Amino acid sequence: MKAKAPGGPGKLLEPWFAPLALVNGSAVGLTPILLPLVAAKQGAGHVGLVMGTFNLGAFAAPVTGGVADALHAHRLLATLCAALSAVSLWLFPFANSPLQLLLALVNGAGFAGAVTIANLMIVERRPEPEWNQRLGWLETALSVGQGGALILAAWLSGLGERAGLGIAALIPAAAVPLCIALLPRSPTRPQPAATADQTEPHAATADQRGPAPAADQTEPHAATADQTEPHAATADQTGPDAGLAQAVPAAQRA
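Residues numbered from 1 in each chain as written. Predicted model: local features only at pLDDT ≥ 70, side-chain atom pairs only at ≥ 80, totals over all residues. Heavy atoms only, no water.

A. The packing of helix α2 (residues 17-39) against helix α7 (residues 131-156), seen in detail. The contact between α2 and α7 brings their axes to 7 Å, and the two run at 45°. If you check the angle between α2 and α7, you find them oblique. Crossing of α2 over α7 shows right-handed handedness. For the pair α2 and α7, the contacting residues are Phe 17, Leu 20, Ala 21, Asn 24, Gly 25, Ser 26, Val 28, Gly 29, Leu 30, Ile 33 and Leu 34 in the first and Arg 134, Trp 137, Leu 138, Ala 141, Leu 142, Gly 145, Gln 146, Ala 149, Leu 150, Leu 152, Ala 153 and Leu 156 in the second. Here the residues of the contact of α2 with α7 are counted per class, giving 16 nonpolar, six polar and one charged. (Axes fitted to C-alpha atoms, helices over the stretch in contact; angles between N-to-C directions. Helix = DSSP H or I, 4+ residues; strand = E, 2+ residues; numbered from the N terminus. Parallel < 35°, antiparallel > 145°, perpendicular 65-115°, else oblique. Left-handed = near helix turned anticlockwise from the far one by under 90°. Contact = heavy atoms within 4.5 Å. Nonpolar A, V, L, I, M, F, W, Y, C, P; charged D, E, K, R; others polar.)

This is the structure:
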């Protein structure tokens, strides 16, 4: 029997969506607006380098997934991603051009790792029939975080670059304690109940032991009468002697 997916949003939304929505919002709501404003002082070409390096941080997604599978440290990894996002935003206005590229890469890696953990938290903790609805609500939460961050960026862009990015860094920084408090330590998927098909191999041990001896296999023992026919037919074999005995008296009478 397949598990039924819960229908109501209250059963599909999970508390740990909140910290990951904050990290997502800072990466796709604050970063695309605030980092170019600071990088533009080094020229338009530097803006392209900064944003391109930020997107190259996506390399962290498969790395994070591999480490999560190996260590089962999803909560620790999500907390680390949030911390990297916060520190990189805070340091960005103080850095020179090469260091800004490195910080942009770190910020993108923190974003990619956090989103990877978010998806793994559903796939590894929930049965497959629930994946579509839960992933849909996760994307909704992430989009809400992005929308709120874009609105916040509209205000922060009018502040000084250091003040604006300093306040922006508080968004992923707030996700750090929330990740520790809300994310499960090690996600484990519930085991589904065993079905009739799964128990058939145990019920079918009679087939593994082999079929019972058939009647045809016992025929050699039951057919001993045929094997004893030569002994029962000795009368036929002694027929000539019996005929000779009858012929001698007849000759003597003649």
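B. Structural detail: helix α5 (residues 74-91). Here α5 contains 18 residues, and its C-alpha end-to-end distance of 26 Å stays within 8% of the 26 Å for a straight helix at 1.5 Å per residue. Every buried residue of α5 is listed here: His 74, Arg 75, Leu 77, Ala 78, Thr 79, Cys 81, Ala 82, Ser 85, Ala 86, Ser 88 and Leu 89. The secondary structure elements touched by the buried residues of α5 are α2, α4 (60-71), α6 (97-123), α8 (161-168) and α9 (170-182). (Expected span 1.5 Å × (residues − 1). Buried < 20%, exposed > 50% of the residue type's maximum accessible area, 1.4 Å probe, protein only.)

C. Structural view of the environment of Ala 141. Inspection of the secondary structure puts Ala 141 in helix α7. Residue classification places Ala 141 among the buried positions, given a relative accessible area of 16%. For Ala 141 and Leu 22, which are 119 residues apart along the polypeptide, the C-alpha to C-alpha distance reads 9.4 Å. Not counting residues up to four positions away in its chain, the partners in contact with Ala 141 are Phe 17 and Ala 21.

D. The pattern of salt bridges, seen in detail. In this structure the tally under the stated criterion is five salt bridges. The closest approach of N and O atoms between Arg 134 and Glu 130, which form a salt bridge, is 2.7 Å. By the burial criterion, Arg 134 is buried, and Glu 130 matches it. Linked through salt bridges whose partners overlap, the residues forming this network are Glu 14, Arg 125, Arg 126, Glu 130 and Arg 134. (Salt bridge = Lys/Arg side-chain N within 4 Å of Asp/Glu carboxyl O.)

E. Here's a closer look at the side chain of His 46. Tracing the backbone through its elements, the reader meets His 46 in helix α3 (residues 44-56). Among the polar contacts made by the side chain of His 46, one reaches the side chain of Gln 100 at a distance of 2.8 Å. Aside from chain neighbours lying at most four places away, what touches His 46 is Ala 39, Ser 97, Gln 100 and Leu 101. (Polar contact = N/O pair within 3.5 Å; in protein donor to acceptor, adjacent residues only side chain to side chain.)

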